[in-house]
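Commentary on secondary and tertiary structure
One letter stands for each residue in the lines below.
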Amino acid sequence: MIRVHHLNISRSLRILWLLEEMGVEYEVVRHRRNAKTMRAPSALRDLHPLGKLPIVEVDGKVLAETGLIIEYLLATRAPHLAPAPTDADAHWRYRYWMHYAEGSLMPQLLLKLIADKMGLLALPIRGMVKEQVNLHLDYVEKEAGRSPWLAGNEFSAADIMMSFPLEVSTMRAGVTPQTHPNICRVLAAMQARPAYQRAVAQAADKG
């Protein structure tokens, strides 16, 4: 049995979505953020020293980091959700988005969140942060217009990986169908998938 440690309002929804796309059985262990600090429970450090989710227990291993978890599950159970190397363009676009999601886009969105919370204290850097966020979103907007899905004509795990920063961009960075129609089209297609909707239901706080 695959056990997914899930935190409300977090990146771990992507793992639930992937498992729903794979159609395999799994168990969800739900954790809740501290209402005041919004931090994950410190007890999670018993599973992994950093105590950051998602964490997945599978095949006798404890895996952390969304990208690694996805790569492991694809390699062991669902290679069809990654373009084959024989389709070079789709394969390398897929690999690019898998790294870009957390390596480039999310850091900019996190900086924007911090700067916005700091208010006037962050005034000297807010313009720079906004410029970088807009640069990245304009880039993604252009790339999202190249094909039905981010890596090409077929849905892949790259779309799952990119879903979280794209959702964050609609909440924090002013992305709308008017300003970024291609991003919103791709995001709507992601959220319309039955497996995504099942994952959202699985992620729901059960109280």
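The notes below deal with the structure included here. Bear in mind the structure is a predicted one, so any value in this text is a computation, not a measurement.

With respect to the overall build of the chain
Along the chain, the regular secondary structure elements total seven helices and four strands. Scanning the chain from its N terminus toward the C terminus, one meets helices and strands in the order β-α-β-β-β-α-α-α-α-α-α. Compactness check: the chain gives a C-alpha radius of gyration of 17 Å against a globular reference of 17 Å for 207 residues, within 12% of the reference. With 207 residues in all, the chain has 45% of them scored as buried. Nonlocal contacts in the chain, meaning residues at least 24 apart in sequence, comprise 70% of its contacts between residues at least 6 apart. For the chain, the accessible surface area stands at approximately 11100 Å², while carbon and sulfur atoms represent 56% of it.

Section: helix H3 (residues 88–118)
Helical periodicity: at 3.6 residues per turn, an α-helix aligns residues three or four positions apart in one direction. In this model, H3 (31 residues) spans 44 Å end to end at C-alpha, consistent with the 45 Å of a helix rising 1.5 Å per residue. Bending of H3 peaks at approximately 55° at the position of Tyr100. Note on H3: the residue one or two positions beyond its end, Gly119, has a positive phi of about 60°.

Regarding the layout of surface pockets
Taken as a whole, the largest pocket encloses approximately 1500 Å³ of empty space. When residues of the lining of the largest pocket are traced back to their parent elements, those giving at least two are strand E1 (2–7), helix H2 (66–77), H3, helix H5 (157–172) and helix H7 (194–203). Looking at which element gives the most residues to the lining of the largest pocket, the answer is H3, with nine residues.

Conventions and cut-offs
- Residues numbered from 1 in each chain as written.
- Predicted model: local features only at pLDDT ≥ 70, side-chain atom pairs only at ≥ 80, totals over all residues.
- Heavy atoms only, no water.
- Helix = DSSP H or I, 4+ residues; strand = E, 2+ residues; numbered from the N terminus.
- Rg over C-alpha atoms; globule rule 2.2 N^0.38 Å.
- Buried < 20%, exposed > 50% of the residue type's maximum accessible area, 1.4 Å probe, protein only.
- Contact = heavy atoms within 4.5 Å.
- Areas by Shrake-Rupley, 256 points an atom, 1.4 Å probe, with all protein chains shown as cover.
- Expected span 1.5 Å × (residues − 1).
- Bend = angle between axes of the 7 residues up to and from the residue.
- 1 Å grid on protein atoms, 1.4 Å probe; cavity = no way out; pocket = protein on both sides within 12 Å on 5 of 7 lines; lining within 4 Å.
- Points joined across faces, edges and corners; volume = space filled by probe spheres on them.

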